[in-house]
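# Inside the fold
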Amino acid sequence: MRPLTLGRLLGHCAILAAVLFVVVVIALKLGAVPVSLYGLGRDLLRVLFRQTSQLSSEYQLIIFDIRLPRILLGIFVGASLSVAGASFQALLRNPLADPYVLGVSSGAAVGAIIALIVEPHLALAPAVAALLTPVGAFLGAAITVTAVYFLGLREGRIDSSTLLLAGIISASFLQAIIMFFMSTLTGGNYRGIAFWMMGELQTPPPQIVSLILRFGFFLAAGVIYTTAPDLNLLLAGEKEAMHLGVDVRRVRLVVYIAASLLTGLAVSVSGAIGYVGLLVPHVMRLIFGSDHRVLLPTTALGGAIAVVIADTLARTVVSPAELPVGAMTAIAGAPLFLYLMRRRLA
Amino acid sequence: MPTPNDARKNTAAGSAIAALLLYAILACPAVRVQAQTLIQTQTPPSGTAVATPLYKEFVDEVGRTVRVPQPVQRIVSLAPSLTETVYALGLQDRLVGDTDYCDYPPDAQKKTKVGGAINPSLEEIASLRPDLVLVTKSLNRIETVHSLDSLGIPSYATDPHTVNEIISSTERLAEVLGVPEAGATLGVDLEHHLADLHQRLNGVPPLRVLFIVWSDPLVSVGKGTFIADALKLAGAISIVDAAQDWPQMSLEEVVRLQPDFLVFAETHSDNGRTQFDVLAERPGWRGLDAVRNRRFAVISDAVNRPAPRIVSAIEDLARQLHPEAFSAHPEDEKEKKAPPPAPQHGQLLSLRMVDSPVSGNFFTEDCPCAL
């Protein structure tokens, strides 16, 4: 492993940040209402200099109230999912590990459905009612993660293959429960669930939820980043890491909780966007190597780029209708994953 | 291998990135808040609203209080049934946008499309600058309504569950849209047709029917749907007694219940006769008396939409199920054929779509028919 310098790390991140910037500008430009780059630049400068009253008002609603919040949501969801994926892969030393395989997103979907079922029975203020679905999704994800964690223990230690199996089986069990709810319930607003399970970014979460998502991301990603050197040692093997002075059990618990938090937050606002957490870390590892001190920040930026691109396609290819963003990531992600897998075998 | 020195650099790099991105977290809510105040300054202060009523408040059918700008000049409809209702009220010129599935009347296909009912583009809706967006609880998603709320775009929701509620819902919508007379005239006309039908079917024993929403898998209608109510008004009873709105039926259950008639709605890809033939060729279906005796009715897909046109579909079904009730009094028949007093609405009722596109949406898995 080459020694890491601050310059190299910042260089890599700067390249990706530049790519992200270009992607965001293109995403802001594309959509139902065309916007000129000049007008966009002028409006952005006005926002920066706090002169919002001079914004061209017809675009202001669409660009700053619809498109920009959606892109920002995509950035944080993509970054959260891919950092969680990279962490799970390192932790379980398994290239297949990602939030979806571990059943987290199915758990979130069940939580969201239960929230939708109970919502009409609780006389809640509209502001509180809007929070119920994300909270339900988060609790569902948290409960599933905890259950899968304990199911994956073998003689008091996490066993990678047991944990992955526990996750896969829990996911299919939870999906059966979702199908049961969907075919027996009546009268409620459940048709959104199919769309929601594929993941979507169209519905802006309440302000407080987006703030929690952003702070939660930096908190959890920061905690994971402090364990980056330990994760590097874990790559060599659990016993080796232990001999080199890594408290394996503590690292595993901390990273597992932080990565689950990231997934729960992301899923609670966007539904289940697959393949980002699985694929982005693999691509970043190919480009930047497997040193987690570089991999984690580049993966975060890469995930943001991937989700913003996927969501821009999701809202433009069948315009004016929209595709679930999860359908876009799966269409692009599944073949790419198979290609990477075959290349590794060759 | 990492050294303590690396770790320190690491932390420095981490905090630099964190600081940069922290700006992103904190700056963006500020942008949003400012944008929202801008919208608020565009709306006139409440003081002037007293002098000239620029807004009126209505309670919609899901109990939300909606502030509707007066008069409503720009309407976006997010359901085929609401688009039909807007046309039936004569307000087609104020309809500035509708969904991909709004196909009736044919002119509605030319309106600006905002996407499907389940997955419309918020941007497209916002760009049409609507005074009011019309939604219906049984088809649109609550998330769409929340998003419109957060953008300050008023939306009015309907939620009819019976044919009478479709009529009263139409009248209420007419009031919201500022044309109460058109709504009242249309309502009276529709009720007149239903009353006439009721009189004709008086004493005629109802037939037990299976309404087929979808044949593969077999999906029928539950007892709480407006379609079940429409069947009743046409002198039929759905054999399906399910609480779910769109119950999936087993063939065994259908054979046990032995319907007198099968009822199909016309679809785009094939007309109902071939739907019947397809079913009749399947093993097991031949065991049904209704299939052996080819007792089936095909009616306009207007029956699938909670809009005024459903009354013409009900009349059509009644004629097919109970022809005797319509031929018993030839003098009456002649009298009834005189054009109704309101030609605009009479025309609406006599229009029958021969070839209507399938209005299903592949995301509406629990609701195969478009409302």
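Residues numbered from 1 in each chain as written. Chains lettered and ligands numbered in written order. Predicted model: local features only at pLDDT ≥ 70, side-chain atom pairs only at ≥ 80, totals over all residues.

## A few points about the overall build of chain B
For chain B, the helix and strand inventory stands at 15 helices and 13 strands. Taken over 371 residues, chain B has a buried fraction of 44%. Within chain B, counting contacts between residues at least 6 apart in sequence, those at least 24 apart form 60% of the total. (Helix = DSSP H or I, 4+ residues; strand = E, 2+ residues; numbered from the N terminus. Buried ≥ 20, exposed ≤ 12 C-beta atoms within 10 Å, placed from the backbone. Contact = placed C-beta atoms within 7 Å.)

## Focus on the pairing of strand 12 (residues 261–265) of chain B
All names here are of chain B. The element strand 12 is extensively covered by neighbouring structure, given that four of its five residues are classed as buried. Alignment of strand 8 (residues 207–212) against strand 12, held across four bridges, turns out to be parallel. From the neighbouring strand, isoleucine 212 faces strand 12, where its bridge partner is phenylalanine 264. (Pairing = 2+ DSSP bridges.)

## Points about the sheet that holds strand 8 of chain B
Strands pair in a sheet through their backbones, by hydrogen bonds, and they do so in one of two ways: parallel or antiparallel. Residue and element names in this part refer to chain B. Read across the open sheet, the four strands follow the order 11-8-12-13; overall the sheet is parallel. A strand with exactly one partner marks an edge of an open sheet, and here the two such strands are strand 11 (236–238) and strand 13 (296–299). Strand-to-strand twist across the sheet, computed as the mean angle between neighbouring axes with direction ignored, equals 35°. Against the sheet, helix 8 (residues 226–233) touches strand 8 and strand 11, its axis set at about 150° to strand 11. In the packing of helix 12 (residues 310–321) onto the sheet, the strands contacted are strand 8, strand 11, strand 12 and strand 13, and the crossing angle to strand 13 comes to about 155°. (Axes fitted to C-alpha atoms, helices over the stretch in contact; angles between N-to-C directions.)

## Looking at helix 5 (residues 142–150) of chain B
Because each turn of an α-helix spans 3.6 residues, side chains separated by three or four positions in sequence point in the same direction. Residues B:Ile142, B:Thr144, B:Val145, B:Ser147, B:Leu148 and B:Ser150 constitute the buried set of helix 5 of chain B. Of the residues one or two after helix 5 of chain B, B:Gly152 is the one with positive phi, at around 75°.

## Description of helix 3 (residues 80–88) of chain B
Residues and elements named next belong to chain B. The buried fraction of helix 3 amounts to nine of the nine residues, a majority that puts the element mostly inside the structure. For helix 3, the complete set of buried residues consists of Pro80, Ser81, Leu82, Thr83, Glu84, Thr85, Val86, Tyr87 and Ala88. Of the residues one or two after helix 3, glycine 90 is the one with positive phi, at around 75°.

## Focus on the nonpolar core
Membership of the largest hydrophobic core comes to 190 residues, with the highest contact counts inside it found for A:Leu262, A:Val308, B:Ala230, B:Val263, B:Ile310, B:Ile314 and B:Leu317. Per-element accounting of this core gives the leading share, 21 residues, to helix 3 (residues 57–92) of chain A. Contact partners of B:Ala230, with chain neighbours within four places excluded, come to B:Val163, B:Val303, B:Ile310 and B:Ile314. (Core = buried A, V, L, I, M, F, W, Y, C linked by C-beta atoms within 7 Å.)

## A closer look at the domain arrangement of chain B
All names here are of chain B. What the domain assignment lists for chain B is domain 1 (49–159) and domain 2 (203–350). Each partner contributes residues to the interface: domain 1 has six residues there, and domain 2 has seven residues. Residues that form the side of domain 1 that touches domain 2 fall into these classes: two nonpolar, three polar and one charged. (Domains from an automatic or database assignment. Nonpolar A, V, L, I, M, F, W, Y, C, P; charged D, E, K, R; others polar.)

## Focus: the environment of A:Ser290
All names here are of chain A. Inspection of the secondary structure assignment puts serine 290 in the loop between helix 12 (276–288) and helix 13 (292–316). Residue classification places serine 290 among the partly exposed residues on the basis of 17 C-beta atoms within 10 Å. Separated by 204 residues in sequence, serine 290 and alanine 86 have C-alpha atoms that sit 10.0 Å apart. Setting aside anything within four residues of it in sequence, one finds serine 290 in contact with Leu235, Arg285 and Leu295.

## Points about the sheet that holds strand 3 (residues 75–77) of chain B
Residue and element names in this part refer to chain B. Pairing is parallel across the open sheet formed by five strands, whose spatial order is 5-4-3-6-7. Taken across any chain shown, the strands that pair with only one partner, and hence form the sheet edges, are strand 5 (112–113) and strand 7 (155–158). Along the sheet, helix 3 makes contact with strand 3, strand 4 (95–98), strand 6 (132–136) and strand 7, crossing strand 3 at roughly 140°.

## Remarks on the packing of helix 7 (residues 180–200) of chain B against helix 12 of chain B
Angle between the axes and distance between the axes: these two values describe a pair of packed helices. All names here are of chain B. Two elements in contact, helix 7 and helix 12, have axes separated by 10 Å at closest approach and are oriented at 15°. In this view, helix 7 runs roughly parallel relative to helix 12, as classed from their interaxial angle. Crossing handedness for the pair helix 7 and helix 12: left-handed. Here Leu190, His193, Leu194 and Leu197 of helix 7 lie close against helix 12, whose contacting residues are Val311, Ile314, Glu315 and Ala318. In terms of residue class, the contact of helix 7 with helix 12 is built from six nonpolar, one polar and one charged. (Parallel < 35°, antiparallel > 145°, perpendicular 65-115°, else oblique. Left-handed = near helix turned anticlockwise from the far one by under 90°.)

## What about the pairing of strand 7 of chain B?
Residue and element names in this part refer to chain B. Residues Ser155 and Ala157 of strand 7 are buried on one face, and the alternating residues Tyr156 and Thr158, pointing to the opposite face, are buried as well. Two strands pair when backbone bridges link them, and strand 6 and strand 7 are joined in this way by four bridges, in the parallel orientation. Note that in strand 7 the partner of valine 133 across the bridge is serine 155. The β-α-β motif built from strand 6, the intervening helix 5 and the parallel element strand 7 has right-handed crossover chirality. (Right-handed = clockwise from strand over helix to strand, strands pointing away.)

## As for the confidence of the model for chain B
Residues and elements named next belong to chain B. For chain B, the mean per-residue pLDDT works out to 77, and 72% of the residues sit at or above 70. Here helix 15 (residues 343–350) stands out as the element of chain B with the lowest mean pLDDT, 41, in contrast to strand 3, whose mean of 96 is the highest. Per-residue pLDDT stays below 50 along residues 20–51; that stretch engages in 22 contacts with residues further than four places along the chain or on separate chains. In the predicted assembly, ipTM is 0.71 and pTM is 0.75. (pLDDT = per-residue confidence, 0-100.)

## A closer look at the packing of helix 8 (residues 207–226) of chain A against helix 11 (residues 248–270) of chain A
Residue and element names in this part refer to chain A. The contact between helix 8 and helix 11 brings their axes to 9 Å, and the two run at 155°. In terms of axis orientation, helix 8 runs roughly antiparallel to helix 11. You can see that helix 8 and helix 11 cross each other, and the crossing is left-handed. From helix 8, Val209, Leu213, Gly216, Phe217, Ala220, Ala221, Val223 and Ile224 reach across to helix 11, where they touch Val254, Val255, Ala258, Ala259, Leu261, Leu262, Leu265 and Val269. Across the contact of helix 8 with helix 11, the residue classes break down as 15 nonpolar, one polar and no charged.

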